[in-house]
Amino acid sequence: MRAVRRILLAEGHGPTREFVSQSLAAAGFEVLLAEDPQQAYELYASQRPVAVVLGADFAYPAATALAQRLRAVDPRVLIVVADKEHLGKARGLQAVLPMKANAYVANPTKKELVEKVQHLVAQSATAHAALRGSALVLSRAPSARGDVKPGVVARLLHQIWRAFS
């Protein structure tokens, strides 16, 4: 029997919440819906979903506080921030950086959002089970996919080593 994969969707805009919920449900996730930050936190604390999809403008500025509160409870929580580019109300990547999300989706279309959530959930399940220390850091998506320029991680590790030598 396959384990239930729960996703918490914290989104204040009704039509977007419904669309994203249907997309995630079609991909095999059980979706928990929250319309306000307090409800989102209570659902997270009681249900412990595998990931949180958070609207970028979800009760702004409470979205950042919610993300920080979730990280305080569980530092390994997967947070995907979905912006509102499809409505012309995108806050942009710079505005959501304080949330320290694992992924950012400018336009929560079915394909991009679902693929990112599935990738993060799968990666988290395998990475946390087998890897530790620097191997875990290097296995994360940006360095594993090559999004970070070659040599940057190695140079940073070398600088840290030199600082402690």
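Residues numbered from 1 in each chain as written. Predicted model: local features only at pLDDT ≥ 70, side-chain atom pairs only at ≥ 80, totals over all residues. Heavy atoms only, no water.

## Considerations on the overall build of the protein chain
Of the regular secondary structure elements, the protein chain holds eight helices and five strands. Element order for the protein chain, N to C, with α for helix and β for strand: β-α-β-α-β-α-β-α-β-α-α-α-α. Relative to its 165 residues, the protein chain shows a buried fraction of 36%. Considering only intrachain contacts with a sequence separation of at least 6, the fraction spanning at least 24 residues in the protein chain is 59%. When the accessible surface of the protein chain is totalled, it reaches about 9,600 Å², and 57% of it is carbon and sulfur. (Helix = DSSP H or I, 4+ residues; strand = E, 2+ residues; numbered from the N terminus. Buried < 20%, exposed > 50% of the residue type's maximum accessible area, 1.4 Å probe, protein only. Contact = heavy atoms within 4.5 Å. Areas by Shrake-Rupley, 256 points an atom, 1.4 Å probe, with all protein chains shown as cover.)

## Looking at the packing of aromatic side chains
Within this structure, the stated rule accounts for zero aromatic pairs. Sitting over the face of the ring of Phe 29, Arg 5 holds its NZ or CZ atom 4.1 Å from the ring centroid. If you follow Arg 69 out to its NZ or CZ, it ends over the ring of Tyr 41, 3.5 Å from the centre. (Phe/Tyr/Trp six-rings, centres within 6.5 Å; stacked < 30°, edge-to-face > 60°. Lys NZ or Arg CZ within 6 Å of the ring centre and 35° of its normal.)

## Concerning the pattern of salt bridges
Evaluation of the coordinates by the stated rule reveals two salt bridges. Its salt-bridge partner being Glu 35, residue Arg 17 comes within 3.8 Å of it at the nearest N-O pair. Within this pair, whereas Arg 17 is found in helix H1 (residues 14-26), its partner Glu 35 is found in the loop between strand E2 (30-34) and helix H2 (37-47), the two being separated by 18 residues in sequence. A relative accessible area of 14% means that Arg 17 is categorised as buried. The exposure class of Glu 35 is exposed, given its relative accessible area of 53%. (Salt bridge = Lys/Arg side-chain N within 4 Å of Asp/Glu carboxyl O.)

## Some remarks on the sheet that holds strand E1 (residues 6-10)
Where strands meet in a sheet, backbone hydrogen bonds hold them as pairs that are either parallel or antiparallel. Here we have five strands laid out as an open sheet, ordered E2-E1-E3-E4-E5, and parallel in their pairing. Each edge of the open sheet carries a strand with a single partner, namely E2 and strand E5 (103-105). Each adjacent strand pair in this sheet contributes to an overall mean axis angle of 20°, direction not counted. Two elements, E1 and strand E3 (residues 51-55), share four bridges in a ladder whose sense is parallel. Pairing of Ile 7 across the sheet is with Ala 51, part of E3. In the packing of H2 onto the sheet, contacts are made with E1, E2 and E3, and the angle to E2 comes to roughly 145°. Running at roughly 165° to E3, helix H3 (residues 62-73) makes contact with E1, E3 and strand E4 (78-82) of the sheet. (Pairing = 2+ DSSP bridges. Axes fitted to C-alpha atoms, helices over the stretch in contact; angles between N-to-C directions.)

## Some details on the nonpolar core
The biggest cluster of nonpolar side chains holds 23 residues, and the ones touching the most others in it are Leu 8, Leu 54 and Leu 66. Mapped by element, the contributors of at least two residues to this core are E1, E2, H2, E3, H3 and E4. When neighbours within four sequence positions are excluded, Leu 66 is seen to be in contact with Ala 10, Pro 37, Ala 40, Tyr 41, Leu 54 and Phe 58. Listed in part, the 17 residues of the second largest apolar core include Ile 7, Val 20, Val 105 and Leu 120. (Core = buried A, V, L, I, M, F, W, Y, C linked by side-chain atoms within 4.5 Å.)

## Comments concerning the packing of H2 against H3
At a minimum axis distance of 10 Å, the contact between H2 and H3 shows a crossing angle of 15°. Between H2 and H3, the angle is such that the two are roughly parallel. As for the relative orientation of H2 and H3, their crossing is right-handed in sense. Between H2, through Pro 37, Gln 38, Ala 40, Tyr 41 and Tyr 44, and H3, the contact on the second element is made entirely by Ala 62, Leu 66, Arg 69, Leu 70 and Val 73. Looking at side-chain class alone, the contact of H2 with H3 contains eight nonpolar, one polar and one charged residues. (Parallel < 35°, antiparallel > 145°, perpendicular 65-115°, else oblique. Left-handed = near helix turned anticlockwise from the far one by under 90°. Nonpolar A, V, L, I, M, F, W, Y, C, P; charged D, E, K, R; others polar.)

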